[in-house]
Every structure is written in C-alpha cells, then in structure tokens.
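# Summary of the model geometry
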Amino acid sequence: MTEHEDLDALVTELNAGAPQPPGAGEQTVRLRAWLEQVVARGASDLLLVAGAPPSLRVDGAVVALDPAYGGPLGSEEIEDAVLPALPPHSRRIYRETGIADGSYRTKDLGRFRINLHHERSRSAVAIRRLPGIVPRLATLHLPPTVEALSRLPRGLVLVGGPTGSGKTTTLAALVNEINCRESRHIITIEDPIEYEHQHRKSLVEQIEIGIDAPDFPTALRAALRQAPDIIVVGEMRDPETMQIAVAAGETGHLVFSSLHTTDVATTIARIADSFPIERQNTIRQELAMALSAVMTQTLMPQIGGGRIVAAELLMVGYGARQHVRKNALQHLHQEITITRKHGSFTLEESLADLTRQGLVDRKDAITRAVHPEELERLLT
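Residues numbered from 1 in each chain as written. Predicted model: local features only at pLDDT ≥ 70, side-chain atom pairs only at ≥ 80, totals over all residues. Heavy atoms only, no water.

## Remarks on the overall build of the chain
When helices and strands are tallied, the chain shows 14 helices and 13 strands. By principal-axis analysis of the C-alpha atoms, the chain measures approximately 60 × 50 × 45 Å. Here the chain, with 380 residues, has 52% of them falling under the buried criterion. For the chain, the exposed area adds up to about 16,900 Å²; of that, 53% sits on carbon and sulfur atoms. Here the chain contributes 40 positive and 48 negative side-chain charges, whose respective centroids are spaced 6 Å apart. (Helix = DSSP H or I, 4+ residues; strand = E, 2+ residues; numbered from the N terminus. Buried < 20%, exposed > 50% of the residue type's maximum accessible area, 1.4 Å probe, protein only. Areas by Shrake-Rupley, 256 points an atom, 1.4 Å probe, with all protein chains shown as cover. Lys, Arg positive; Asp, Glu negative; His and termini not counted. Charge placed at Lys NZ, Arg CZ, Asp CG, Glu CD.)

## Some details on the confidence of the model for the chain
The pLDDT averaged across the chain works out to 91; a share of 93% of its residues lies at or above 70. Under a pLDDT of 50 for its full length, residues 1–24 has, in the predicted model, 32 contacts with residues more than four places off or in other chains. (pLDDT = per-residue confidence, 0-100. Contact = heavy atoms within 4.5 Å.)

## Looking at the packing of helix 9 (residues 277–290) against helix 10 (residues 318–325)
Between helix 9 and helix 10, the shortest axis-to-axis distance is 8 Å and the interhelical angle comes to 170 degrees. Taken together, the axes of helix 9 and helix 10 lie roughly antiparallel to each other. Counting all contacts with helix 9, which are made through Asn-281, Arg-284, Gln-285, Leu-287, Ala-288 and Met-289, the residues of helix 10 involved are Arg-321, Val-324 and Arg-325. Of the residues that constitute the contact of helix 9 with helix 10, the class distribution is four nonpolar, two polar and three charged. (Axes fitted to C-alpha atoms, helices over the stretch in contact; angles between N-to-C directions. Parallel < 35°, antiparallel > 145°, perpendicular 65-115°, else oblique. Nonpolar A, V, L, I, M, F, W, Y, C, P; charged D, E, K, R; others polar.)

## Comments concerning helix 8 (residues 264–273)
Structurally, the α-helix is built with 3.6 residues per turn, so residues lying three or four positions apart point the same way. Residues Val-264, Thr-267, Ile-268, Ala-269, Ile-271 and Ala-272 constitute the buried set of helix 8. For helix 8, the capping residue at the N-terminal end is Asp-263, with a side-chain oxygen 3.3 Å from the backbone nitrogen of Ala-265. (Polar contact = N/O pair within 3.5 Å; in protein donor to acceptor, adjacent residues only side chain to side chain.)

## A few points about the nonpolar core
Counting 39 residues, the largest nonpolar core has Ile-189, Ile-268 and Ile-271 as its most contacted members. Sort the elements by how many residues they give to this core and helix 7 (residues 239–250) lands first, with five residues. Contact partners of Ile-268, with chain neighbours within four places excluded, come to Leu-287, Leu-291, Val-294, Val-324, Leu-329 and Leu-332. By size, the runner-up hydrophobic cluster in this structure holds 27 residues, among which are Leu-137, Val-146, Met-295 and Met-315. (Core = buried A, V, L, I, M, F, W, Y, C linked by side-chain atoms within 4.5 Å.)

## A look at unusual backbone geometry
Here the bond from Asp-191 into Pro-192 is cis, since omega is -5 degrees, no more than 30 degrees from zero. Mapped onto the elements of the fold, Pro-192 is located in the loop between strand 8 (185–190) and strand 9 (203–208). Even without a glycine there, the phi angle at Asp-59 is positive, about 50 degrees. Given a relative accessible area of 49%, Asp-59 falls into the partly exposed group. Phi angles above zero are rare outside glycine, and Arg-120 is one such case at about 50 degrees. Tracing the backbone shows Arg-120 in the loop between strand 5 (111–119) and strand 6 (122–130). You can call Arg-120 exposed: its relative accessible area is 67%.

## Details of the pairing of strand 10 (residues 230–233)
By the alternation rule, side chains of strand 10 split into Ile-230 and Val-232 and Ile-231 and Val-233, which are all buried. Pairing geometry for strand 8 and strand 10, over four bridges, is parallel. Within strand 10, the position partnered with Ile-189 by the bridge is Val-233. Bridging between strand 10 and strand 11 (residues 254–259) involves four bridges; their strand directions are parallel. Opposite Val-233, over in strand 11, you have Ser-257 as the bridge partner. (Pairing = 2+ DSSP bridges.)

## Section: the sheet that holds strand 6
Strand order in the open sheet formed by six strands is 3-2-1-6-5-4, with antiparallel pairing between adjacent strands. With partners counted over all chains shown, the strands left at the sheet margins are strand 3 (61–64) and strand 4 (100–105), one partner each. On average, each strand axis in the sheet is inclined to that of its neighbour by 25 degrees, with strand direction left out of account. Sheet topology note: the strand 1 (residues 45–49)/strand 2 (residues 55–58) ladder contains three bridges and is antiparallel. Bridge pairing links Leu-47 to Ser-55 in strand 2. Helix-sheet contacts for helix 3 (residues 75–82) involve strand 1, strand 5 and strand 6, and the interaxial angle to strand 6 is about 40 degrees.

## A short note on the sheet that holds strand 13 (residues 307–315)
Strands pair in a sheet through their backbones, by hydrogen bonds, and they do so in one of two ways: parallel or antiparallel. Strands sit in the order 9-8-10-11-7-12-13 across an open sheet of seven strands; the sheet is mixed. In the strand order of this sheet, the two ends are held by strand 9 and strand 13, each with one partner. The mean angle between the axes of side-by-side strands here comes to 15 degrees, regardless of whether they run parallel or antiparallel. With five bridges connecting them, strand 7 (residues 155–160) and strand 12 (residues 291–301) associate as parallel partners.

This is the structure:
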C-alpha cells in the first residue's frame, strides 16, 4: 500500500459512522503528520492549543514542532483536525459539554488517548501516546515490595499522584503480574482503555466508559454482578463510584483505583472529603476497614534522559486504620516507618535508593522530597 493509499484508508476509517466537519480529510492528514512526530521523537504527548504551534512533550519538557508542521493554530483548525479521530459518542459529548475523552487507534502508529477541551473559549487538545505493551513491574524501578500489592487477597488499593505521574502504568503492571501468575477473573473499568491486556492465566475483561458502559458507577455496579476476583477502577471521580469501590473492597474483592493526589494522607482525605459533611465520619469508618494499601508516586528526571518513578507506600495495618477512623491523617507518615517490615516505605527512602543507583540527581531528589532532612540523613 502506498503512503497516499494509507492516508486514504485512515481518513475513511476516521470518517466512518458519523458526519464529519468540512475539510476533515485534509485536517486528518495534518493530525497524522503530528502523530508521526510523536512516535519518531519518542514524545509522550501532543499538545494543541489555540494561538500556539503544535507542541510535543519529550522527557517532560514541552517543545514546539518545526514551523513546517504549522504555525500558531486556530481554534477551528484544532477541532477540525481532532474531531474526526474521536468516536461518535465522544463527539456528541464534546458538542454538549465542551469536554470529551476518547481512544484512537491507528494501523501503524499505535493507540492514543485524546482529551479535547476548551480554554479561554477556544479549543485545545492533549493527546497521550498509549504504549502497545503492558510493562512488567520490574521494569518500572519501583521498590520490590510494591509487588506485594498484586498478592493481596482482598481490600482497596489506592494509587495517587499528579496527572502524568504513571499511575495507570503502575496499575497495569500490577494487573499484568496477576495475569501472568494466577487464574483469576479481572475486570478493568477505564475512560478510555489505555493498556490492552491479553488473556494469559487470568480472564481479563476491559470496560470502556462511553462505549461499553455510560459511566463509572453503572459499570462498577454491573461488574460486581459478574463474579470478579479483581476490579480496577481507572479513576475515582465522584462520590458514588468511591462508595461502591469502598464497599467492594470491604466485602471481599481486591479493588485497585487511582486518584489525583500528592501523598498518602491527601489520597485518603480526598475520598472522605468528597462526601457531604454529615456522611464523612461513616465513610471514614468504612474506608478504614476496606483499605489494604495506599501508594503515591511522582515522575523524576532520570540521569541520561527519560523519567523514572519515585514512590511512597503505606501497607495499611491496625494503627493506620485507627488514624483513618479518627481523621488523624497527619500521623500516617510515622505509620509508614512503623510498618516498614510489612513493605511500607517513604518517598525519601525511594528517592535515596534511586540516587544511590545513579538514576536520579541528588539535587533533584532533595527538591522533590517532602522531608528533605530525612533524605539528607539517608544519603549520608
């Protein structure tokens, strides 16, 4: 197939099933050219913002594409280039709300996650390249005790971190460990699906919001009726989803989920604080019973290029449950130290290990530490 025929096939694929904006074929060719640069330059994201040129995120830094790929973009240009790549339900949501997510698959460049939104009343897009292979946990350079999360028999496991910190990758790697080792029934609920799991020893069902189910609460309720051993909730965005996930973890399922938070204490607080004040005490009691572990992570610049994960892990025991019940979350950092023999570790211990291995710069590690004096002590 020639390059021209390949583009024609791509445009046909994108245009199938729903009306397209005028000039969509021409604009889709532009999107194709930008995505080719994402792949060629090893970028994680393509960023399109009105008034700025197309830009890539490479090793955490945002760099503009060469002018040959277009100067400052207009709002309509961005919509025309990206709307054809979104599935019909996402286009409808975008027209109704101004914000839409969707996954997009090409034949040769791989899969991408698209977030089309508005800023200053203009269109903008963040397109994340999705890896084609689910990583093994050992390749993420996380402390070895993280693997224990894949061996928990039940309970709620939360992974926190800012946007783009690799939470989805960590969850996918944990699921992959189980999938390669045990005969289990695993259900993932995502918006959109990022990593595609193969059926290995486990049976893995992957539910995509907007395509397979209308929303997280509906999908999660349905999943509980499908005899799962393990449930992965891609992100807990609303109190209803949180309530169901906590209940599932308390009643015998192993539930993994993620939150946009920065440390162990705020990850736990985020759930209780999402509910009306009159319900927060009850939720804390339920959460204290359901929690098995809380991990938070952040991406660090790696020496020699790329980025690497630094993390913190609390394996939840009796002391942590009491602190959650009493809303005394300021004591959880001390609890991490107390439960080190059960696999817990602080962010500072993770940073110290990465520094000793020559993977991150000492100054970068100290800047990222929450307790820099503790890190200094560990590195002496």
